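Chains, contacts and geometry: an overview
This is what each chain is made of:
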Amino acid sequence: MNIARFFVILVSTALLSVPLQAIADTAESICEVWQNGELEQDRSGDCTWSQRQGYIGITLKNGARINLSPQDTMEYKDADGHKVIRSIDKKGLNTFEWQDRKVVVQFGRSAPST
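1. Things to note about the overall build of the protein chain
Within the protein chain one finds one helix and nine strands. Counting from the amino terminus, helix and strand elements in the protein chain follow one another as α-β-β-β-β-β-β-β-β-β. The 114 residues of the protein chain split such that 30% are buried. In the protein chain, 32% of the contacts between residues at least 6 apart in sequence involve partners at least 24 apart. Total accessible area on the protein chain is roughly 7600 Å²; 55% of this is exposed by carbon and sulfur atoms.

2. Observations regarding the packing of aromatic side chains
Here the distance between the centres and the angle between the planes together describe a pair of aromatic rings. Within this structure, the stated rule accounts for three aromatic pairs. On the numbers, 5.8 Å between centres and 35 degrees between planes, the contact of Trp49 with Phe96 is tilted. Within this pair, whereas Trp49 is found in strand 3 (residues 45-52), its partner Phe96 is found in strand 8 (residues 94-97), the two being separated by 47 residues in sequence. Phe96 gets classed as buried once you look at its relative accessible area, which sits at 0%. Geometrically, the ring pair formed by Tyr76 and Phe96 is edge-to-face, given 6.2 Å between the ring centres and 70 degrees between the ring planes. Highlighted residues: Tyr76 in strand 6 (residues 75-78) and Phe96 in strand 8, separated in sequence by 20 residues. The pair formed by Tyr76 and Phe96 is uniform in burial state, with each residue classed as buried.

3. Some details on the state of the cysteines
By the definition in use, this model includes one disulfide. Through a disulfide, Cys31 is tied to Cys47; the S-S separation comes to 2.0 Å. Handedness here is read from the sign of the S-S torsion; for Cys31 and Cys47, about 75 degrees, the answer is right-handed. One end of the pair, Cys31, is in strand 1 (residues 26-35); the other, Cys47, is in strand 3, and 16 residues separate them in sequence. Residue Cys31 is classed as buried on the basis of its relative accessible area of 1%. Looking at Cys47, the relative accessible area reads 2%, which means it is buried.

4. Digging into unusual backbone geometry
Although it is not a glycine, Gln53 sits at a positive phi angle of roughly 50 degrees. Looking at the element boundaries, Gln53 is found in the loop between strand 3 and strand 4 (55-59). For Gln53, a relative accessible area of 74% puts it in the exposed group. Not every positive phi belongs to a glycine, and Met74 is a case in point at roughly 65 degrees. Relative to the helices and strands, Met74 is located in the loop between strand 5 (65-72) and strand 6.

5. Brief notes about the environment of Ser69
Topologically, Ser69 is positioned in strand 5. Here the alpha-carbon distance between Ser69 and Gly81, two residues 12 residues apart in the chain, equals 9.2 Å.

6. Quick look at the side chain of Arg43
Positionally, Arg43 belongs in the loop between strand 2 (38-39) and strand 3. Here Glu40 takes part through its side chain, which lies 2.6 Å from a polar atom of the side chain of Arg43. Excluding its chain neighbours within four sequence positions, the residues that come into contact with Arg43 are Val33, Leu60, Lys61, Asn62 and Arg101.

Cut-off values and rules
- Residues numbered from 1 in each chain as written.
- Predicted model: local features only at pLDDT ≥ 70, side-chain atom pairs only at ≥ 80, totals over all residues.
- Heavy atoms only, no water.
- Helix = DSSP H or I, 4+ residues; strand = E, 2+ residues; numbered from the N terminus.
- Buried < 20%, exposed > 50% of the residue type's maximum accessible area, 1.4 Å probe, protein only.
- Contact = heavy atoms within 4.5 Å.
- Areas by Shrake-Rupley, 256 points an atom, 1.4 Å probe, with all protein chains shown as cover.
- Phe/Tyr/Trp six-rings, centres within 6.5 Å; stacked < 30°, edge-to-face > 60°.
- Disulfide = S-S within 2.5 Å.
- Polar contact = N/O pair within 3.5 Å; in protein donor to acceptor, adjacent residues only side chain to side chain.

See below:
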């Protein structure tokens, strides 16, 4: 293989990997927001999930954003310093639980079945 062809392949591969890294940490999802056992319709539905270096961001249907900072394995703190416990079930649903509310996140475009 000549050096010019090798260089083109190398540069092409590098350029293609950049967008894939950006996509890998963001996913369109469906979220259910529960407050004191009641489903909050205005915040539940399409949402965007992002994760970078352990930090999680969830942008809800109404535009509200939840930012979570990692503390320990499956334990986070929200922007107000409240403890949040994360669990993942066999179906891949991610549940984030506060003392009085929870957010259930399913990647993809079909409603979670909780």
